[in-house]
Amino acid sequence: MTYQTSGVCCKEIHVEVDADGIIKEVKFSSGCNGNLKGIAELAKGRRADEIIKTMSGIQCGERGTSCPDQLAAALKKAM
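Residues numbered from 1 in each chain as written. Predicted model: local features only at pLDDT ≥ 70, side-chain atom pairs only at ≥ 80, totals over all residues. Heavy atoms only, no water.

Let's talk about the side chain of T5
Argument step 1. Along the chain, the position of T5 falls in the loop between β1 (2-4) and β2 (12-17).
Argument step 2. Of the polar contacts made by the side chain of T5, one reaches the backbone oxygen of C10; its length is 2.3 Å.
Argument step 3. At 3.1 Å, the side chain of T5 forms a polar contact with the backbone oxygen of K11.
Argument step 4. Not counting chain neighbours up to four residues away, the residues in contact with T5 comprise C10, K11, E12, I13 and Q70. (Helix = DSSP H or I, 4+ residues; strand = E, 2+ residues; numbered from the N terminus. Polar contact = N/O pair within 3.5 Å; in protein donor to acceptor, adjacent residues only side chain to side chain. Contact = heavy atoms within 4.5 Å.)

Below is the structure:
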């Protein structure tokens with residue numbers, strides 16, 4: 001599933017979640033390359049609900065959201 005982000009530098013997030021709720025793949029398009037690759041690697045193999053709980057509400061400056069928060073939104077939609 002591809003999620004169109006809002007309010008962040010990253011333009012979209014591609015996520016794959018299996019039937020058991022395990023994250024198989026995360027790819028960010030644009031944004032802070034190294035940081036987003038790190039977030040993607042940390043998310044892979046973990047339960048989507050765990051990542052949603054951990055990442056929801058994280059803010060980047062005064063934006064009201066962040067790439068981790070947008071990942072949580074993408075995972076909610078994928079579930």
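Additional details are given in the paragraphs that follow.
Observations concerning the nonpolar core
Argument step 1. Ranked by internal contacts, the top residues of the largest apolar core, which has 21 residues, are V26, F28, L71 and L75.
Argument step 2. If you list the elements that add at least two residues to this core, you get β2, β3 (23-29), α1 (33-43), α2 (48-55) and α3 (67-78).
Argument step 3. Of all the elements, α3 adds the most residues to this core, at five residues.
Argument step 4. Ignoring sequence-local partners within four residues, the contact set of F28 consists of C10, E12, I13, L36, I39, A40, C67 and L71. (Core = buried A, V, L, I, M, F, W, Y, C linked by side-chain atoms within 4.5 Å. Buried < 20%, exposed > 50% of the residue type's maximum accessible area, 1.4 Å probe, protein only.)

Here we look at the environment of T65
Argument step 1. Note that T65 resides in the loop between α2 and α3.
Argument step 2. We classify T65 as buried; its relative accessible area is 6%.
Argument step 3. For the pair T65 and V8, spaced 57 residues apart in the sequence, the C-alpha separation amounts to 7.2 Å.
Argument step 4. Polar side-chain contacts of T65 include one of 2.6 Å to the side chain of D69.

Comments concerning unusual backbone geometry
Argument step 1. Despite not being glycine, S30 shows a phi value in the positive range, around 75 degrees.
Argument step 2. Mapped onto the elements of the fold, S30 is located in the loop between β3 and α1.

Looking at α2
Argument step 1. All of the buried residues along α2 are A48, I51, I52 and M55. Buried residues of α2 fall within an arc of 105 degrees about the axis and therefore sit on the same side.
Argument step 2. A positive phi of about 90 degrees marks G57, the residue just after α2. (Arc of directions from axis to C-beta.)

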